[in-house]
Amino acid sequence: MSKIIYVSAALAALLSHPFNASAASDGDLQAIRERVQQLEQRMEQSGPTPTRNSGGEGAFNPAISLILGETYGNLRQDPAIPATGFAMNANPGHEQGFNLGESELVITANIDPQFRGVGRFAIDPAGGLSAEDVYVQTGALSAGLSLKMGRFLSGLGYLNEKHAHTWDFVDQPLVYATLWDNQLGEDGLQLKWLAPTDTFLEIAAELGRGRGFPGTDRARNGSGAGVLFAHIGDDIGIEHNWRAGVSLHQTKRVDAVSDAVPDLLDTADGVSNSFSGDSRTAGVDLVWKYAPNGNLRDRYVKLQGEYFRRKESGSLTYDINAASPPPPITDSFSVTQSGWYVQSVYQFMPRWRNGLRYDRLDPGIAAVGALNAGNVISDYGYRPSRTSLMLDFSPSEFSRLRLQLARDNSRQGLADNQLFVQYIMSMGAHGAHQY
Amino acid sequence: MQRILCTFLLLLLSGNVHAALDVFACEPEWAALAQQLAGDKASIYTATGALQDPHRVEARPSLIAKARRANLVVCTGAELEAAWLPVVLRESGNSAVLPGSSGYFEAAHYVVMLEIPARLDRAEGDVHAAGNPHVQTDARNFLPIAEALSKRLIQLDPSNTAYYRQQLAAFNQQWRAAIAKWGQQAAPLKGIPVIVQHRGFPYLNNWLGLKQIAELEPKPGMEPSAAYLGSVLNELQQHPARMVLRAAYQDGRPSEWIAERAHIPAVMLPFTVGGTPQATDLFAMFDDTIQRLLAGLK
């Protein structure tokens, strides 16, 4: 716009200049040339033409996007049955039939030069909204530091921070489902530091109230859970890149009640137990990606694996709903559970990808105090596993259709063949994705 | 153990020896331009390769680490890097290169944008609100961009002002001479009808007078389907084109499919520095582009 004004001004100046073209002397021409040159220079200095600026309230509207997703699940076994040996863990399970699994509303904007705000609301199948991510993040701290405050997904591991619409499979690996209730979410603070090195190295600490499993949502002074993690990563040439990480999590569990836990007395429908004690988890993760010429559009391979190991020790109250007398028996209890998965995703031609994942869990052998030794199962003698196969097609960057088949041996004697069909689409402003 | 750790940390830090300015260039053409203008006063890192689709890059750990130390980020802008750069800059924890600060430079700001969509709708494919971002295919665009970039270098590193001015003057002189030469060489290309695989060349067409009559992508960013290619082929019988153009990073099959059936040459252009073995710097990139186009005429 300003350019047009300058040019009109230049023309007006030239036209209003009282001279006769035929009689113009060399001096006049020289003067005109200089004047045009000056105007040109001013135009260049005025910089880029400002783009349209409508002003008003709407001009500061945040970026809004809506992720639309639906999954159809066909399972032969009841998804409410937990993996063998993991009845005292989370069991996010699956949904049978049609469900609005991945739909979410995302609103992001810079708040001021210092802060950026993110609100992410999952659309519940019942129709309500639940806050998945609500945080502010500093944008202008220096020295590689960044601070996040609010409700956010913990940065531990590789998959934990990934939102459901970016998952490569319909569901999370078993180890995430049982040890983190799919994803560890926290209300608290995250401080991250990126080292000033050529190789990517970040170290972060999180403090939270222990909102997400295995935390028991502490509502007292101080913090209920802590996370430490470090990631390191780099390129190898232009075709390969990788990231590796280690994570530690600890929380104090208070009166964590689990229902329908099988026991040695073979009580019908199980019993309800309550656990209080320390929970410490350590994990390692590794991701490696390869694309010929580094061109992700045509073909790429992504390999990843993660391992988590959790030790819990404290006291267990057996059958809290027992008709007294006798009163429920409390004694010491400790167990080390672990699990891992490896998966590969291969984009074999533009828009088409397939994936293979193998999951495995180890419920460990629990040390049960003498008083409960006749009630609580210490050794399940079974290692849950699952194999999943995925094929997806993305008509564009903003839409994806997926088919997934799984052979689920996570429950002893209840092998399940599972079929999922899913679409995920995103409309509106769509932010960039993490690695 | 401690010794291993120390060695490891030293190894990590050893990459730290560098020139006055750390420049993070999003694409090879801006790395090449920064090299011309800053010479040995800057150490330049290029985030994407010439054979990578610049729309589809990931926020890789290495990019975040490089952006952490950058004094200046030089990118195309106009949303070309929207899929990855915002994450890289945010994760870098480096406030000096955030959009709006003096360490963030968008080349597309300094040229007249083409193909600004009248209607912003994803039904039109991957359109960019600010206009077509592939500004580097018109050699004339490098003059205002070089001028602005040089000013930015001076702003960030005023102690070398004289050097940057001298580099800019030398570049301008050589570049103007080269534009005149390319203009002459490319004279036979004026008005030649072409098809393009992706809407990547409006600036090249605008500069050399090529006439684009069709695209192989049904909508920008969408893969050409067999049915759509068939309809383009039909169209070609009424309005014949002389060649089919694509950028080096693109899959050659759609172009070659059409080329074979329409009996016209498929011409692969470097699109950026390094796109072809010949395109070793900015000058060579345009030399090679014009040579390849002229070869397509024969």
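The rules behind these values
Residues numbered from 1 in each chain as written. Chains lettered and ligands numbered in written order. Predicted model: local features only at pLDDT ≥ 70, side-chain atom pairs only at ≥ 80, totals over all residues. Helix = DSSP H or I, 4+ residues; strand = E, 2+ residues; numbered from the N terminus. Buried ≥ 20, exposed ≤ 12 C-beta atoms within 10 Å, placed from the backbone. Contact = placed C-beta atoms within 7 Å. Pairing = 2+ DSSP bridges. Axes fitted to C-alpha atoms, helices over the stretch in contact; angles between N-to-C directions. Nonpolar A, V, L, I, M, F, W, Y, C, P; charged D, E, K, R; others polar. Expected span 1.5 Å × (residues − 1). Arc of directions from axis to C-beta. Domains from an automatic or database assignment. Parallel < 35°, antiparallel > 145°, perpendicular 65-115°, else oblique. Left-handed = near helix turned anticlockwise from the far one by under 90°.

Draft legend 1. Inspection of the environment of Phe 115 of chain A at higher detail. Residues and elements named next belong to chain A. Tracing the sequence through the fold places Phe 115 in strand 4 (residues 115-123). A residue is classified by how many C-beta atoms lie within 10 Å of it, and Phe 115, with 16 of them, is partly exposed. Once the C-alpha coordinates of Phe 115 and Ala 80 are considered, the two residues, 35 residues apart in sequence, prove to be 42 Å apart. If sequence neighbours within four positions are ignored, Phe 115 has contacts with Val 136, Gln 137, Thr 138 and Gly 139.

Draft legend 2. Here's a closer look at the sheet that holds strand 1 (residues 21-25) of chain B. Residue and element names in this part refer to chain B. Overall, parallel pairing links the four strands, which are arranged 2-1-3-4 in an open sheet. The open sheet terminates on both sides in strands that have one partner only, identified here as strand 2 (42-46) and strand 4 (104-106). Put simply, the sheet's adjacent strands are angled 20° from each other on average, direction ignored. Packing of helix 2 (residues 28-38) onto the sheet brings it into contact with strand 1, strand 2 and strand 3 (72-75), and relative to strand 2 it is tilted by some 170°. Sheet strands touched by helix 5 (residues 142-156): strand 1, strand 3 and strand 4. Its angle to strand 3, the strand with the most contacts, is close to 170°.

Draft legend 3. Quick peek at the interface of chain A and chain B. Listed per partner, the contact involves 38 residues of chain A and 36 residues of chain B. Residue contributions to the side of chain A that touches chain B peak at three residues, all from strand 9 (residues 225-236) of chain A. The class makeup of the residues in the side of chain A that touches chain B is 15 nonpolar, 15 polar and eight charged.

Draft legend 4. Region of the structure containing helix 10 (residues 282-297) of chain B. Residue and element names in this part refer to chain B. The first and last C-alpha atoms of helix 10 sit 23 Å apart over 16 residues, in line with the 22 Å expected at 1.5 Å per residue. For helix 10, every residue scored as buried is listed here: Leu 282, Met 285, Phe 286, Thr 289, Ile 290, Leu 293 and Gly 296. The arc enclosing the buried residues of helix 10, seen along the axis, measures out at 125°, which places them on a common side. Considering only its buried residues, helix 10 is in contact with helix 2, helix 5, helix 6 (161-185), strand 7 (243-247) and strand 8 (266-269).

Draft legend 5. A look at the domain arrangement of chain B. Residue and element names in this part refer to chain B. For chain B, the assigned domains are domain 1 (13-179) and domain 2 (187-297). Computed from C-alpha coordinates alone, the two centres of domain 1 and domain 2 are separated by 25 Å. Across the boundary between the two partners, domain 1 contributes 28 residues, which contact 22 residues of domain 2. Counting residues per element, the side of domain 1 that touches domain 2 draws most heavily on helix 2, which supplies five residues. Its residues placed into classes, the side of domain 1 that touches domain 2 shows 11 nonpolar, nine polar and eight charged.

Draft legend 6. Focus on the packing of helix 2 of chain B against helix 5 of chain B. All names here are of chain B. Packing of helix 2 against helix 5 leaves a shortest axis separation of 10 Å and a crossing angle of 60°. With respect to each other, helix 2 and helix 5 are oriented oblique. Remark: the crossing between helix 2 and helix 5 carries right-handed chirality. Contacts between helix 2 and helix 5 involve Leu 33, Ala 34, Leu 37 and Ala 38 from the former and Phe 142, Ile 145, Ala 146, Leu 149, Ser 150 and Leu 153 from the latter. Classifying every residue of the contact of helix 2 with helix 5 by side-chain character gives nine nonpolar, one polar and no charged.

Draft legend 7. Spotlight on helix 5 of chain B. All names here are of chain B. The terminal C-alpha atoms of helix 5, which comprises 15 residues, lie 20 Å apart, in line with the 21 Å expected from a rise of 1.5 Å per residue. Buried within helix 5 are the following residues: Phe 142, Ile 145, Ala 146, Leu 149, Ser 150, Leu 153 and Leu 156. Viewed along the axis of helix 5, the buried residues span an arc of 130°, placing them on a single side of the element. Packed against the buried residues of helix 5 are strand 1, helix 2, strand 3, strand 4, helix 6 and helix 10.

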